[in-house]
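Coordinate inspection notes
Chain residues, written in single-letter form:
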Amino acid sequence: MKDKLIIFDTTLRDGEQSPGASMTKDEKVRIAKALERLRVDVIEAGFPRASRGDFDSVQAVAREIKDSIVCGLARALDADIDATGEALKEANAARIHTFIATSPIHMEKKLRMSPDQVVTQAVAAVKRARGYTNDVEFSPEDAGRSELDFLCRIIEAVIAAGATTINIPDTVGYNVPHQFGELIRKLIERVPNSDRAVFSVHCHNDLGLAVANSLAAVLNGARQVECTINGLGERAGNASLEEVVMAVRTRQDIFRCDSSLDTTQIVPCSRLVSSITGFPVQPNKAIVGANAFAHESGIHQDGVLKSRETYEIMRAEDVGWSTNRMVLGKHSGRNAFRARMEQLGVVFAAEEDLNAAFARFKDLADKKHEIYDEDLQALVTEADLEAENENLQLVAMKVCSETGEIPCASVTLMYNGAECSGNAEGGGPVDATFKAIESIVNSQTELQLYSVNNITSGTDAQGEVTVRLEKGGRIVNGQGSDTDIVIASAKAYINALNKIIVPMDRAHPQV
Ligand code: KIV
Ligand code: ZN
């Protein structure tokens, strides 16, 4: 009998801590449903104490999700734990994840607390969390740089106080596999009551070792891995869910455990997260990159044609690549549209929402004959983005691009309730469009990234544009999609401006 490896997804919490990756409540619910279809065991839905919006999102996910445990993050503070308990009240199965830093540098410089105070606060937090649920996880933050004896002491104390999962984070991605694996083994061996909790790991990717460290921990007794779709997360990200899950599944000769995920949902889930956050997946990314199963060299192609196993260690369809098929077209009706959207996790709350989405679908089908799941996902994301654009909306635009002439653009925006127009010339049509928008808004932001990706293949494909802007140290990503990439670019720029204009009153859990 193999042990079960619990998969704890933190795309909606740590993933959202990637600069610019913030998600709306509806987007979080859509991702949570995709994670539920993937059969993720635990979904960390957010940090309810961060802001009213975060509280509402965790509450909405808790209401919608039935098959996965819904978890909320709380610092080891009464107010955080109470907010999290409250946000999770309606969950079918709820977990509170509380944490406090345990490394000498964090305790001394960040918390300004003695080790004794840290233990007392951790124990009090776990006891308080147990007042809301029997499922309580404790993380000694920066465990990867904490002293072993102190870790053993605090872990023993929180288990005695009622913690049922002990999560060991390599918060700053400093550890290397053999050492991290050894840390897990020693903790399990030395903590006297370790058999009363599941040991978990949460690795960051600063040295590109998050997946390797997580797997080393699993080999040494960890039975929960915290990870994110596409490896999204603070700084260089977290361990990538798809890589951890497929490594364990593919190498069952080595691992004495396996997850119970439906891996055919991996690629759809990865696409959804990428489309919602605007973080494209690099083509050579393991499992979910466009080239992950593509064979370029003639020798490899020949080998695969003769026997797939010559060069493939996994089957593309096992991770969901075969789902890329044409689903709807110009003549599809409302019911077919609704049914497919529901399969993608989009349920329309009201008839008007369905009608609006269907009208968008028909517009798209006029420009593009074959509509794929990715197009439908982009359609919903686009509607969410427009709803988000409170201060600034695109009304109309015209762009001229002609050989031998300087490209120019005229843009009309609705800006704080009034229609305003601007014209500009630029190095190309996109440059001219951004300058025309700037002539109206004068945002004083710095463009950090501009990228275009085609959502599906073919020259009639929709282009999905990501624009990253920076102002005063704050970074936001904007997205837009359209079959016309200049319009998609304008939409992405306007979406980013809307986000940066609004001041953010959101607390970061680890600051
Ligand atoms: O990286 C980290 O230490 C965290 C904790 C809150 C688990 O995200
Ligand atoms: Zn983290």
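A quick note: this is a predicted structure, and the numbers were derived from the prediction, not measured.

1. Focus on the overall build of the chain
Each helix and strand in the chain was counted, giving 16 helices and 18 strands. In terms of overall size, the chain behaves like a compact globule, its C-alpha atoms giving a radius of gyration of 24 Å where 511 residues would be expected to give roughly 24 Å. Projected onto its principal axes, the C-alpha positions of the chain cover 75 × 60 × 45 Å. Counting across all 511 residues of the chain, residues that qualify as buried make up 55%. Restricting the contact set of the chain to residue pairs at least 6 apart, pairs at least 24 apart contribute 68%. Accessible area for the chain stands at about 21700 Å²; split by element, carbon and sulfur atoms hold 50% of it. Distance between charge centres in the chain, computed from 55 positive and 73 negative side chains, equals 4 Å.

2. So, the domain arrangement of the chain
In terms of domain boundaries, the chain breaks down into domain 1 (3-277), domain 2 (334-371) and domain 3 (386-501). Put simply, the middle of domain 1 and the middle of domain 2, counted by C-alpha atoms, are 35 Å apart.

3. A few points about the pairing of strand E6 (residues 136-141)
With six of six residues buried, E6 is to be regarded as a mostly interior element. A two-sided burial pattern is seen for E6, the buried positions comprising Val-136, Phe-138 and Pro-140 on one face and Glu-137, Ser-139 and Glu-141 on the other. In this structure, strand E5 (residues 94-101) lies alongside E6, joined through six bridges in parallel fashion. Counted as the bridge partner of His-97 is Glu-137 from E6. Examined bridge by bridge, E6 and strand E7 (residues 165-170) share two bridges and lie parallel to one another. Counterpart to Glu-137 in the pairing with E7 is Thr-165. You can see the chain leave E6, run along helix H6 (residues 148-161) and come back into E7, and the turn it takes is right-handed.

4. A few points about the state of the cysteines
Joining two cysteines, a disulfide is a covalent bond between their sulfur atoms. If you walk through the whole model with that rule in mind, you get zero disulfides. Unpaired in this structure, Cys-269 has its nearest cysteine sulfur neighbour in Cys-227, at a distance of 11 Å. Overall, the relative accessible area of 2% leaves Cys-269 in the buried class. Considering cysteine sulfurs only, Cys-400 is the nearest to Cys-408, which forms no disulfide, with 4.2 Å between them. Overall, the relative accessible area of 29% leaves Cys-408 in the partly exposed class.

5. A short note on the coordination of the zinc ion (ligand 2)
On the protein side, the zinc ion (ligand 2) has Asp-14 (OD), His-202 (NE2) and His-204 (NE2) as donor atoms, found 2.0 to 2.1 Å from it. For the zinc ion (ligand 2), all donor residues lie on one chain, and their spacing in sequence is D-x187-H-x1-H. Of this pair, Asp-14 sits in the loop between strand E2 (6-9) and helix H1 (25-37) while His-202 sits in strand E8 (residues 198-203), and the two are 188 residues apart along the sequence. Comparing Asp-14 with His-202, the two get one shared label, buried.

6. Regarding the sheet that holds E6
Spatial ordering of the closed barrel is given by E2-E3-E4-E5-E6-E7-E8-E9, a layout of eight strands whose pairing is parallel. This sheet shows a mean twist of 25° between the axes of neighbouring strands, independent of strand direction. Pairing of E8 with strand E9 (residues 224-227) involves three bridges; the strand directions are parallel. Considered in E9, the bridge of Val-201 is made with Val-225. Sheet contacts for helix H4 (residues 104-111): E5 and E6; angle to E5, the most-contacted strand, approximately 85°.

7. A few points about the pattern of salt bridges
All chains considered together, the criterion is met by 39 salt bridges. Taking the shortest distance from any N to any O, the salt bridge between Lys-491 and Glu-382 comes out at 3.2 Å. Here Lys-491 is found in helix H16 (residues 485-501), whereas its partner Glu-382 is found in helix H14 (residues 373-388), with 109 residues between them in sequence. Each of the two residues, Lys-491 as well as Glu-382, counts as buried.

8. A look at the side chain of Ser-68
Looking at the secondary structure, you find Ser-68 in the loop between helix H2 (52-64) and strand E4 (69-75). Among the polar contacts listed, one links the side chain of Ser-68 to the backbone oxygen of Val-40, at a separation of 2.9 Å. Apart from the residues lying within four places of it in its own chain, the contact partners of Ser-68 are Glu-36, Val-40, Asp-41, Ile-43 and Ala-93.

Each value, and the rule that gives it
- Residues numbered from 1 in each chain as written.
- Chains lettered and ligands numbered in written order.
- Predicted model: local features only at pLDDT ≥ 70, side-chain atom pairs only at ≥ 80, totals over all residues.
- Heavy atoms only, no water.
- Helix = DSSP H or I, 4+ residues; strand = E, 2+ residues; numbered from the N terminus.
- Rg over C-alpha atoms; globule rule 2.2 N^0.38 Å.
- Buried < 20%, exposed > 50% of the residue type's maximum accessible area, 1.4 Å probe, protein only.
- Contact = heavy atoms within 4.5 Å.
- Areas by Shrake-Rupley, 256 points an atom, 1.4 Å probe, with all protein chains shown as cover.
- Lys, Arg positive; Asp, Glu negative; His and termini not counted.
- Charge placed at Lys NZ, Arg CZ, Asp CG, Glu CD.
- Domains from an automatic or database assignment.
- Pairing = 2+ DSSP bridges.
- Right-handed = clockwise from strand over helix to strand, strands pointing away.
- Disulfide = S-S within 2.5 Å.
- Donors = N, O, S within 2.8 Å, 3.2 Å for Na, K, Ca; no water.
- Axes fitted to C-alpha atoms, helices over the stretch in contact; angles between N-to-C directions.
- Salt bridge = Lys/Arg side-chain N within 4 Å of Asp/Glu carboxyl O.
- Polar contact = N/O pair within 3.5 Å; in protein donor to acceptor, adjacent residues only side chain to side chain.

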